[in-house]
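A look at the structure
In case you want the letters, here they are:
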Protein chains: 2
Amino acid sequence: MPLPYQSSLDRRVAIIKALAHPSRLSIAEMLQDGERCVCDIRDLIGGDLSTISKHLSVMRDAGLLDLEKRGLNVYYRLRCPCLLSFLECVDSLAPEGGEANGP
Amino acid sequence: MPLPYQSSLDRRVAIIKALAHPSRLSIAEMLQDGERCVCDIRDLIGGDLSTISKHLSVMRDAGLLDLEKRGLNVYYRLRCPCLLSFLECVDSLAPEGGEANGP
DNA sequence: AAACTACTTGGCGAAATCGCCAAGTAAAGG
DNA sequence: CCTTTACTTGGCGATTTCGCCAAGTAGTTT
């Protein structure tokens, strides 16, 4: 059980930390298109299922995600529709496109 | 010298990481009101000046901050005016006010 | 130019995070 | 009920981050 945060600053930081990892940010991005079950997320991110599950628990504990169990599957969805505009802001800071810029 | 990022994902993550610490988020918040010199920031955040300086370098390297030297002082300012709206989003995820809600 | 102010950088031990493996839980199917 | 599927949790070594101390750099003042 995650401890309650002592301050609103800590809560904000927990939410931001929950996005501050390549796999977790990718999860957030893919969930912008709608809910996904853990196995779908694993297919996209790769790596051990337990690793994915722990990333999801970090995001859950921060309050970023809601989950719903249906049958054998667990479906996650974003609680934060405004994420998209933040990512646009983030990208506006580093506009030179992507991969190690060749000519 | 910070290495160039291999992907746009890494760049995004670096920017988000640069906000994912209580002192650094507080710095970002205070810079929303306008530029500040390092000593002003130190007065607000507290702790060793070298620690503040390293936090600022993380934010600089991520591209969050611009700096300008004037006289003996170094003034930092946000390169990201859209930060504010993201923090509103973050707070909307945890609306129950602040500090460790006692009964 | 020597002393001072305002920072930055190097170094290091302490703490947090990461990802894999193994083991545990819960719903569905045979 | 026993097995299978889908996921979660515990544990642990490896890497990363954190914050202080000490030392270095760059303008300023005297």
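This text gives an overview of the structure that appears in the document. Because the structure is a prediction, the values reported are computed rather than measured.

Turning next to the packing of aromatic side chains. With the rule as written, the count across this model stands at one aromatic pair over all chains. Between Phe 86 of chain A and Phe 86 of chain B the ring centres are 3.3 Å apart and the planes differ by 15°, which places this aromatic pair in the stacked class. Residue Phe 86 of chain A is found in helix α5 (residues 83-93), and its partner Phe 86 of chain B is found in helix α5 (residues 83-92); the two belong to separate chains. No difference in accessibility class separates Phe 86 of chain A from Phe 86 of chain B, as the two residues are buried. It is Arg 70 of chain A that lies over the ring of Tyr 75 of chain A; its NZ or CZ is 4.1 Å from the centre.

Glancing now at the sheet that holds strand β1 (residues 36-37) of chain B. Residues and elements named next belong to chain B. A sheet is described by the order of its strands in space; here three strands give the open sequence β1-β3-β2, paired in antiparallel fashion. The open sheet is flanked by β1 and β2 (65-70), the only strands paired with a single partner. Note: β1 against strand β3 (residues 73-78), two bridges, orientation antiparallel. Within β3, the position partnered with Cys 37 by the bridge is Tyr 75. Against the sheet, helix α2 (residues 22-31) contacts β1, β2 and β3, and its axis sits at roughly 85° relative to β3.

The next subject is the sheet that holds strand β1 (residues 36-37) of chain A. Reading across the sheet, the three strands line up as β1-β3-β2 (chain A) and stay open at both edges, with antiparallel pairing between neighbours. At either margin of the open sheet sits one strand with a lone partner, and together these are β1 and β2 (65-70) of chain A.

A few words on the protein's contact with DNA strand D. Taken together, 21 residues form the shell around DNA strand D, and within it Ser 50, Ser 53, Lys 54 and Tyr 76 of chain A together with Ser 50 of chain B come nearest. When the atoms of DNA strand D within 4 Å of the protein are sorted by group, sugar and phosphate make up 57%. Within the side chain of Tyr 76 of chain A, one N or O atom sits 2.7 Å away from a phosphate oxygen of DNA strand D. Those elements that place two or more of their residues in the surface near DNA strand D are α3 (38-45), α4 (49-62) and β3 (73-78) of chain A together with α4 (49-62) of chain B. Among the residues forming the surface near DNA strand D, the class breakdown is eight nonpolar, eight polar and five charged.

All names here are of chain B. Summarising the sheet, β2 and β3 pair through six bridges and their orientation is antiparallel. Each bridged residue has a counterpart across the sheet, and for Asp 66 the counterpart in β3 is Arg 77. Counting the residues in the hairpin turn of β2 and β3 gives two residues, including Gly 71, whose phi is positive at 65°.

Structurally, His 21 of chain A can be placed in the loop between α1 (8-17) and α2 (22-31). By relative accessible area, His 21 of chain A is classed as partly exposed at 27%. For the pair His 21 of chain A and His 55 of chain A, spaced 34 residues apart in sequence, the C-alpha separation works out to 9.0 Å. Not counting chain neighbours up to four residues away, the residues in contact with His 21 of chain A comprise His 55 of chain A together with Val 13 of chain B.

With that settled, consider α2 of chain B. Most of α2 of chain B sits out of view: eight of its 10 residues are buried. Listing the buried residues of α2 of chain B in full gives Ser 23, Arg 24, Leu 25, Ser 26, Ile 27, Ala 28, Met 30 and Leu 31 of chain B.

All chains considered together, the criterion is met by 12 salt bridges over all chains. Between Glu 29 of chain B and Arg 12 of chain A there is a salt bridge, and its shortest N-O distance comes to 2.5 Å. You can see Glu 29 of chain B sitting in helix α2 and its partner Arg 12 of chain A sitting in helix α1, one on each of two chains. In this structure Glu 29 of chain B comes out as partly exposed when scored by relative accessible area, which is 25%.

Glancing now at the packing of α5 of chain A against helix α1 (residues 8-17) of chain B. As a packed pair, α5 of chain A and α1 of chain B sit with axes 10 Å apart at the nearest point and diverge in direction by 105°. In terms of orientation, α5 of chain A lies roughly perpendicular with respect to α1 of chain B. Residue-level contacts link Phe 86, Leu 87, Val 90, Asp 91 and Leu 93 of chain A of α5 of chain A to Arg 12, Ile 15 and Ile 16 of chain B of α1 of chain B. When its residues are assigned to classes, the contact of α5 of chain A with α1 of chain B shows six nonpolar, no polar and two charged.

What counts, and at which threshold
Residues numbered from 1 in each chain as written. Chains lettered and ligands numbered in written order. Predicted model: local features only at pLDDT ≥ 70, side-chain atom pairs only at ≥ 80, totals over all residues. Heavy atoms only, no water. Phe/Tyr/Trp six-rings, centres within 6.5 Å; stacked < 30°, edge-to-face > 60°. Helix = DSSP H or I, 4+ residues; strand = E, 2+ residues; numbered from the N terminus. Buried < 20%, exposed > 50% of the residue type's maximum accessible area, 1.4 Å probe, protein only. Lys NZ or Arg CZ within 6 Å of the ring centre and 35° of its normal. Pairing = 2+ DSSP bridges. Contact = heavy atoms within 4.5 Å. Axes fitted to C-alpha atoms, helices over the stretch in contact; angles between N-to-C directions. Near = heavy atom within 4 Å. Polar contact = N/O pair within 3.5 Å; in protein donor to acceptor, adjacent residues only side chain to side chain. Nonpolar A, V, L, I, M, F, W, Y, C, P; charged D, E, K, R; others polar. Salt bridge = Lys/Arg side-chain N within 4 Å of Asp/Glu carboxyl O. Parallel < 35°, antiparallel > 145°, perpendicular 65-115°, else oblique.

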